[in-house]
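An overview of the molecular structure
Below, each chain spelled out in residue letters.
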Amino acid sequence: MSRLEKRNRVIWQQIAAIPRGKVASYGQIAELAGIPRGARMVGRALGKAPASLQLPWFRVLNARGRISIPGSSPYYQRQIDLLRAEGIAVNDGSVDMQRHRWAPSLDELMWGPGAWSEETDETEEQ
DNA sequence: CGTGTGACTGACC
DNA sequence: AGGTCAGCCACAC
């Protein structure tokens, strides 16, 4: 298991942990995954995530609450629809982050997916 | 091995 | 409300 694959797993776990009706930014997911300034890696990890994981990919927006998928992509409108289906208002491709940003509780930070990833990094097996 | 690119970000215009 | 720019780092070429 390469270091990269491990990182992707942690990223996927964090994305999976975003509650219904809430959103997170790429940078936020990166930090939760223990990868400061790793926003771009979150985007890549998301792109190569197995469909079988059923990740709530649509709950991930850029730091300004904007949808990062090009408007030309069919997934753009799909993302808007999925967000609205959860009661999140989307105007002109952007979401009010102040209102919908996921703020993990201390408990989630301590015991949620990816917590202690630094420590378990070397010993984690699967 | 060098270079360009991007489902990113924050700082500055 | 817009655009540019330097970091960022895995990846494709």
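Along each chain, numbering runs from 1 in the same order as the chain's sequence is written. Written order determines the labels here, with chains lettered from A and ligands numbered from 1. Thresholds applied to this predicted model are a pLDDT of at least 70 for local features of residues and 80 or more for the giving and counting of side-chain atom pairs; totals over whole chains, interfaces and linings are not thresholded and use all residues. Heavy atoms throughout the structure, all of them, feed into the side-chain values; hydrogens and water do not.

A look at the protein's contact with DNA strand B
- When we say a residue is near a molecule or strand, we mean one of its heavy atoms is within 4 Å of it. Around DNA strand B, 15 residues are found, and the nearest of them are Arg 40, Arg 44, Asn 62, Ala 63 and Ser 68.
- Backbone atoms, meaning sugar and phosphate, form 48% of the atoms of DNA strand B found within 4 Å of the protein.
- Here a polar contact is recorded for every N or O atom pair within 3.5 Å, except that within protein the pair must consist of a potential hydrogen donor and a potential acceptor, and residues adjacent in sequence are included only if both atoms are side-chain atoms. Arg 44 places a side-chain nitrogen or oxygen 2.8 Å from a base nitrogen of DNA strand B.
- Only DSSP runs of H or I covering at least 4 residues are called helices, and only runs of E covering at least 2 are called strands; the numbering of each starts at the N terminus. Mapped by element, the contributors of at least two residues to the surface near DNA strand B are α2 (26-32) and α3 (39-47).
- Broken down by element, the surface near DNA strand B gets its largest block of residues, six residues, from α3.
- Under the scheme applied here, ten amino acids are nonpolar (Ala, Val, Leu, Ile, Met, Phe, Trp, Tyr, Cys and Pro), four are charged (Asp, Glu, Lys and Arg), and all others, including Gly, are polar. In terms of residue class, the surface near DNA strand B is built from six nonpolar, six polar and three charged.

Side note on the confidence of the model for chain A
- With 92% of its residues at a pLDDT of 70 or more, chain A has an overall mean of 89.
- Every residue carries a pLDDT, the predictor's confidence in it, which falls somewhere between 0 and 100. Only heavy atoms enter the contact rule, under which two residues are in contact if any of them lie within 4.5 Å. Scored below 50 in pLDDT, residues 120-126 makes three contacts in the model with residues more than four places away or belonging to other chains.

So, α3
- The classification of residues rests on relative accessible area computed with a 1.4 Å probe and restricted to protein chains. Under 20% of the type maximum is buried, over 50% is exposed, and intermediate values are partly exposed. Buried within α3 we find Val 42, Ala 45 and Leu 46. Take α3 and look down its axis: the buried residues cluster within an arc of 100°, on one side only. Along α3, exposed side chains directed more than 90 degrees from the buried face belong to Arg 40, Arg 44 and Gly 47.
- Considering only its buried residues, α3 is in contact with α1 (3-16), α2 and β2 (60-61). Think of the arc as the fan of directions from the helix axis to the C-beta atoms.

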